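Fold and contact review
Residues per chain, in single letters:
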Amino acid sequence: MNFDHGARRRLPETLADTLQDEILQLPVGERLPTEAELADRFDVSRTVVRETARLLVQRGLVTVKPGRGMVVSEFDGRLIADQYSLLLRLSEGSFEQLLELRLVLEVEMAVLAAARREEAHLEAMQAENDRLAANVDVREKFLDADLSFHEILAKASGNPFFSLMIKPINGFLRETYSSGPAYPSEATDTVREHAEIADAIAAGDPSRARFATENHLRRIMRHADRLAPGRNGDEPA
């Protein structure tokens, strides 16, 4: 393959773009050609291939495993989660602002879910709500059910971009809530509010779904300082 060496973009970026198009057609876990094979195929140095591999890892497309080289990875939004965490640690964004993002996303997500949900989504939400109610005194299980419910809600919206955004948010919330002294905060309210959201979506009522979801998330926002001490505004992380 011929690359335009006169282009301003660096060669590894050009090669990464080329390989990206191929990787997107491959199943998760598929092994890519070796460093030597790629260097020979594209007539580039191994240094270029190594830099290309680094870029592909940064994009979340591959992982590099000892003895196997580059392997197609499952895109799960971890890089987005890292960006959220970095923003908070640099104090360029607060925990309350992250919750504001969640509010904007999830309210409309619930509206769409009320119109698009399938029976499997309703059954999954009910199962998580049952698990939530059964584990109000068991933090880890309660947290799993809590976050899983919101991920199912994203799937029920029928828009894959919601899932892409919600997963990294939940990843950060899991880290925060696992160590935060105030979680679960008002667990019985969470159980009740989740049930109200699920009921509205099951009824196919977008207005009720909007109200129930906003009510739930605004209560959480009011308690942000207790849920994530040291991650708000100018407080030290």
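Thresholds, definitions, all that
- Residues numbered from 1 in each chain as written.
- Predicted model: local features only at pLDDT ≥ 70, side-chain atom pairs only at ≥ 80, totals over all residues.
- Heavy atoms only, no water.
- Core = buried A, V, L, I, M, F, W, Y, C linked by side-chain atoms within 4.5 Å.
- Buried < 20%, exposed > 50% of the residue type's maximum accessible area, 1.4 Å probe, protein only.
- Helix = DSSP H or I, 4+ residues; strand = E, 2+ residues; numbered from the N terminus.
- Phe/Tyr/Trp six-rings, centres within 6.5 Å; stacked < 30°, edge-to-face > 60°.
- Expected span 1.5 Å × (residues − 1).
- Contact = heavy atoms within 4.5 Å.
- Lys, Arg positive; Asp, Glu negative; His and termini not counted.
- Salt bridge = Lys/Arg side-chain N within 4 Å of Asp/Glu carboxyl O.
- Polar contact = N/O pair within 3.5 Å; in protein donor to acceptor, adjacent residues only side chain to side chain.

Across soluble globular proteins, nonpolar side chains have a tendency to be buried as a group. Of all hydrophobic cores here, the largest spans 44 residues; its most connected members are F95, M125, L153, L173, Y177, I201 and L227. Looking at this core, the elements with two or more residues in it are α5 (95–116), α6 (119–134), α7 (139–156), α8 (160–179), α9 (187–202), α10 (206–222) and α11 (224–227). With 10 residues, the top contributor of residues to this core is α5. Residues A39, F42, V48 and V62 belong to the second largest nonpolar core, which totals 18 residues.

In this section: the packing of aromatic side chains. Under the criterion given, the structure shown has 3 aromatic pairs. On the numbers, 6.5 Å between centres and 80° between planes, the contact of F95 with Y177 is edge-to-face. Note that F95 is positioned in helix α5 and Y177 in helix α8, a separation of 82 residues in sequence. One exposure class covers both F95 and Y177, and it is buried.

The next point concerns helix α3 (residues 46–58). It helps to recall that an α-helix has 3.6 residues per turn; residues three or four apart then point in one direction. Counted at 1.5 Å a residue, the expected span for α3 with its 13 residues is 18 Å, and the 18 Å between its end C-alpha atoms agrees. Among the residues making up α3, those that are buried are V48, V49, E51, T52, A53, L55 and L56. Here the buried face of α3 lies against α1 (11–23), α2 (35–42), β1 (62–65) and β2 (69–72). Backbone geometry just after α3 places G60 at a positive phi near 80°.

Relative to the helices and strands, D146 is located in helix α7. No salt bridge is formed by the buried D146; the nearest opposite charge belongs to R102, separated by 4.8 Å. There is a polar contact of 3.4 Å between the side chain of D146 and the side chain of H194. Sequence-distant contacts of D146, defined by excluding residues within four places in its chain, comprise L132, Y183 and H194.

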